[in-house]
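Residues per chain, in single letters:
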Amino acid sequence: MKIHLVDGTYELFRSHFGAPPKKSPDGREVGATLGLMRSLLLLLNNPEVTHVAVAFDHVIESFRNKLYAGYKTGAGVDPLLMAQFALAEQAAKMLGLTVWSMVKFEADDALATAAARFKTDKSVKQIVLCSPDKDLTQIVDGKRVVCWDRRREILMDEAGVAEKFGVKPESIPDYLGLVGDSADGYPGIPGWGAKSTAAVLAKFKHIEAIPKDPKKLPLGLGRATTLIENLQNHYDDALLFRELSTLRRDVPLKEKLDDLKWRGAHPRLKKFCHELGDERIPERITFWR
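Since we're looking at a predicted model, the values are computed, not measured. (Residues numbered from 1 in each chain as written. Predicted model: local features only at pLDDT ≥ 70, side-chain atom pairs only at ≥ 80, totals over all residues. Heavy atoms only, no water.)

A. Molecular detail of the packing of aromatic side chains. Tallied over the entire structure, the rule returns 6 aromatic pairs. Plain terms: the ring middles of Phe 165 and Tyr 175 are 5.7 Å apart, the flat faces sit at 75 degrees to each other, and that makes the pair edge-to-face. Of the two residues, Phe 165 sits in helix α7 (residues 158-165) while Tyr 175 sits in helix α8 (residues 172-179), which places them 10 residues apart along the sequence. Exposure class is identical for Phe 165 and Tyr 175. Each is buried. In this structure an aromatic cluster arises from ring pairing among Tyr 68, Tyr 186 and Phe 241. Over the ring of Phe 118 we find Arg 117; its NZ or CZ atom is 5.8 Å from the centre of that ring. Positioned above the aromatic ring of Trp 148, the side-chain terminus of Arg 150 is 5.9 Å from the ring centre. (Phe/Tyr/Trp six-rings, centres within 6.5 Å; stacked < 30°, edge-to-face > 60°. Helix = DSSP H or I, 4+ residues; strand = E, 2+ residues; numbered from the N terminus. Buried < 20%, exposed > 50% of the residue type's maximum accessible area, 1.4 Å probe, protein only. Lys NZ or Arg CZ within 6 Å of the ring centre and 35° of its normal.)

Encoded structure:
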């Protein structure tokens, strides 16, 4: 079997910016939620999709905000989108899917934990992380755990991660710690761009293993000298940023593998969609509990 682990927060954001806005009969904006449901139904209509879980950031903030003040928050997020966070979780549950609602941790942490837990099961052929988020590439393992960008139809295995970033999955947290991640709100280390970071980590794998002697770096001496000086001057920041980018694999998920099996949508979905002003979604569902 394959397990499909969906980044529900990404899907909701994608629907908000990609699907047309729509008001429910009671005046609420529900376009992103309806778009999310249509996206999830498209996934569920694939006969290969049998075991599914969806993780959401119930709130944007997490434990990482306590580690670094500049880490991403809900500030600036469209209130019309924020208002649909809880509604989106409810929609996924109405579809009969396992939902992980994250408060202390982030959605990616839940996906990472589930991948680490279930990939050891012999009955699992492959785990598909449904998200283009580069953070999740650190979880990729050979062809057994892969990332799938559903919008662009790009499937990325371990070789694909190395081709795109120049480093293996195990070095992705170090890579992001040095390069930074503007989407998550941390800047990285001055001067450490994608190409130079990839060249260094491809050889040394982790920040601690990077030598202080610039002559040992696979770069020009002048460039290497600058990078080493910057790293030494911001070494604690580099380790902190790496910690921010490292996904947790200890989220207390209670579900077992069989709990992820999709057994059809709940009958209550019809009333739920009626309240949102969309009668067509239930018509597309052929599998009900």
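B. Representation of the sheet that holds strand β1 (residues 2-7) within the structure. Spatially, 6 strands are ordered β3-β2-β1-β4-β5-β6 in an open sheet, and the strand pairing comes out mixed. Each edge of the sheet is formed by a strand with only one pairing partner; in this case those strands are β3 (98-102) and β6 (154-156). Taking the axes of each pair of neighbouring strands and ignoring which way they run, one obtains an average angle of 20 degrees across the sheet. The pairing of strand β4 (residues 126-130) with strand β5 (residues 145-149) spans 4 bridges and is classified as parallel. Note on β5: the bridge partner recorded for Val 128 is Val 146. (Pairing = 2+ DSSP bridges. Axes fitted to C-alpha atoms, helices over the stretch in contact; angles between N-to-C directions.)

C. Molecular detail of the pattern of salt bridges. Enumeration according to the criterion identifies 17 salt bridges in this entry. The partner of Arg 150 in a salt bridge is Glu 11, and the shortest N-O contact between them spans 3.0 Å. On the criterion of sequence distance, the pair formed by Arg 150 in the loop between β5 and β6 and Glu 11 in helix α1 (residues 8-18) is long-range, its members being 139 residues apart. Judged by relative accessible area, Arg 150 falls into the buried class, the value being 12%. Exposure remark for Glu 11: the relative accessible area of 1% places this residue in the buried category. A salt bridge links Arg 28 to Asp 26; the shortest N-O distance between them is 3.1 Å. (Salt bridge = Lys/Arg side-chain N within 4 Å of Asp/Glu carboxyl O.)

D. The side chain of Asp 278, seen in detail. Position of Asp 278 relative to the elements: it lies in the loop between α12 (269-276) and α13 (280-283). Accessibility expressed as a relative area gives 10% for Asp 278, which makes it buried. Polar contacts involving the side chain of Asp 278 include one to the main-chain amide nitrogen of Ile 281, which spans 3.2 Å. Discounting residues that sit within four places of it in the chain, Asp 278 has contacts with Leu 34, Arg 38 and Cys 273. (Polar contact = N/O pair within 3.5 Å; in protein donor to acceptor, adjacent residues only side chain to side chain. Contact = heavy atoms within 4.5 Å.)

E. Local environment of the environment of Gly 264. Mapped onto the elements, Gly 264 comes out in the loop between α11 (235-245) and α12. Residue classification places Gly 264 among the buried residues on the basis of a relative accessible area of 0%. Along the backbone, Gly 264 and Asp 109 are 155 residues apart, and their C-alpha atoms lie at a distance of 26 Å. What Gly 264 contacts, discounting residues up to four positions off in sequence, is Leu 95, Gly 96, Phe 287, Trp 288 and Arg 289.

F. Molecular detail of the packing of α8 against α11. Two numbers describe how α8 lies on α11: the axes approach to 7 Å, and their chain directions differ by 125 degrees. In terms of orientation, α8 and α11 fall into the oblique class. Considering only the axes of α8 and α11, their crossing is right-handed. For the pair formed by α8 and α11, the contact residues are Pro 173, Asp 174, Leu 176, Gly 177 and Leu 178 on the first element and Ala 238, Phe 241, Arg 242 and Ser 245 on the second. (Parallel < 35°, antiparallel > 145°, perpendicular 65-115°, else oblique. Left-handed = near helix turned anticlockwise from the far one by under 90°.)

Purely geometric numbers; function is a separate question.
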